[in-house]
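# Overview (structure and organization)
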Amino acid sequence: MAVQIEKLTSHFGARLTGFSIQDGISEDDFRVINRAINEYGLIVMPNQPLTDDTQIAFSERFGPLEETLTGAVGAGSKLVRVTNILPDGTIKDPNSQLALFTRANFLWHTDSSFKETPAKFSLLSGRELPKKGGGDTEFASTAVAFDELPTELRQVVEGKIAIHSIAHSREKFQKGSSTEEQRRRLPPVQQALVRTNPLTGRKSIHIASHISGVVGMADDVGQKLAEKLLEVAANPSKIYRHQWSANDAVMWDNRATIHRATPYDETGDRRLMIRTTVSDFGPTVMNGTIVEGA
Ligand code: OGA
Ligand code: MN
C-alpha cells in the first residue's frame, strides 16, 4: 500500500496514511514521507501506535537526534517527555519549575532555536491524552508568512540574524522564571532569520518567542520586528489546530512552522506526549555570518 497524502488546510500541512511506522517503512515510502514534511511543513500520521524505540528509530532516519537538556526530566536521552506527569506517575506540582517548563510551550515557538544547532524536525506522539479534552496543539506556517510579508518587510528580514534566548521567552512567560543555571548553560545564540529549504528551495522566516533581538537593530526594535513577524505568521485564519486522537504521531518542520500548546486541566487530568527532535545540519550562523545553505 502506498503513502496517501491529503492536505490539512489549503496552505500547509498534510495527513499521511497507508503505512505503519511500527511495522517498518520501505525506502520508497520514507522518501515520500520526507518529501511531505519538507513540502507541507507539518504531517499528521494517525493510527501510529509507537513505542519509545520505534519512535527513536523512525526519527533517526531523518537525521541525528538531539539529546534532552540537562536539568529536564529524561536528560541525556533522545526523548523529551512533554507532560504533567512525573516519572513516578504522580502529577507535577503546578508551581514547580518543571511545570513551568512545559507551560512555556503556550508561547508560539520553534523547538531548540535557542541552541546553536536548532531543531530541524520534531515528532510528537500522543501517549496519554486528557480525558476531559483540551491540550490541542496549534501550528502555523512561516513559509506562508514569508510569502505574505509586504515587500518592504521582506527586504528588512532578508539576510538578518536574530538572537534567540530561552531566558528571554521564559521571562516573557513569567517574570523571574529563568534560572541562573539556564542562563549560564544556554546563553543567547544567533540564527538566520530567513531559512531556505534545501529540498524545495522555499523560503521561510525562522521565528519564535525566544527572539530577544536582531543583529544591527536596537533591542526594542528587533523585538518589535519579531513580534510583528509572529503576528503575520500566527494570523488566526492561518492556524491549524490539532485535536489529538489516541496514537496520533505529528511531525513538524521547525524551520518553516511555529507551534504552541494550549491549556488543559493540568492538576486534574493527565497528558503524556513524547517528543523526538531531529537536529538541523549545524549552526545557521558562524562568526557573525549566515552559513551557506541555511
Ligand atoms: C513540543 C511542544 C506542544 C504540545 O513538544 O515541542 O511544543 O501541545 N508541544 O504539547
Ligand atoms: Mn515545542
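Since the structure is predicted, the reported quantities are computational estimates derived from the model, not experimental observations.

Turning our attention to the nonpolar core. Formed by 27 residues in total, the largest nonpolar core has its most connected members in Leu 16, Ile 33, Met 45, Phe 58, Phe 62 and Met 251. Of all the elements in the fold, those that place two or more residues in this core are strand S2 (14-17), helix H1 (27-40), strand S3 (42-45), helix H2 (52-60), strand S5 (119-128), strand S13 (249-253) and strand S15 (272-279). The leading source of residues in this core is H1, at five residues. Once residues lying within four places of it in the same chain are set aside, the contact partners of Phe 62 are Phe 30, Ile 33, Asn 34, Ile 37, Lys 120, Phe 121, Met 251 and Val 278. With 22 residues, the next largest nonpolar core counts Leu 193, Val 214, Leu 229 and Ile 258 among its residues.

Moving on to empty space enclosed by the protein. If you walk through the whole model with that rule in mind, you get four cavities of 30 Å³ or more. Put simply, the largest cavity is a space of about 520 Å³. If you trace the largest cavity, you find 33 residues lining it, with Val 80, Phe 101, Asn 105, Arg 170 and Arg 275 closest to the centre. The leading source of residues in the lining of the largest cavity is strand S4 (residues 80-83), at four residues. Looking at the lining of the largest cavity residue by residue, the class counts come to 14 nonpolar, ten polar and nine charged. Forming the boundary of the second largest cavity are Val 82, Asn 105, His 109, Asp 111, Leu 124, Thr 137, Trp 252, His 259, Arg 260, Ala 261, Arg 271 and Arg 275. In terms of residue count, the dominant contributor to the lining of the second largest cavity is strand S14 (residues 257-261) (three residues). Residues of the lining of the second largest cavity, tallied by class, amount to four nonpolar, four polar and four charged.

So, about the sheet that holds strand S6 (residues 137-141). With antiparallel pairing, three strands are arranged side by side in an open sheet as S12-S6-S14. One side of each edge strand has no neighbouring strand; the edge strands of this open sheet are strand S12 (240-242) and S14. The mean inter-strand angle of the sheet, taken between neighbouring strand axes irrespective of direction, is 25°.

Rules of the game
- Residues numbered from 1 in each chain as written.
- Chains lettered and ligands numbered in written order.
- Predicted model: local features only at pLDDT ≥ 70, side-chain atom pairs only at ≥ 80, totals over all residues.
- Heavy atoms only, no water.
- Core = buried A, V, L, I, M, F, W, Y, C linked by side-chain atoms within 4.5 Å.
- Buried < 20%, exposed > 50% of the residue type's maximum accessible area, 1.4 Å probe, protein only.
- Helix = DSSP H or I, 4+ residues; strand = E, 2+ residues; numbered from the N terminus.
- Contact = heavy atoms within 4.5 Å.
- 1 Å grid on protein atoms, 1.4 Å probe; cavity = no way out; pocket = protein on both sides within 12 Å on 5 of 7 lines; lining within 4 Å.
- Points joined across faces, edges and corners; volume = space filled by probe spheres on them.
- Nonpolar A, V, L, I, M, F, W, Y, C, P; charged D, E, K, R; others polar.
- Pairing = 2+ DSSP bridges.
- Axes fitted to C-alpha atoms, helices over the stretch in contact; angles between N-to-C directions.

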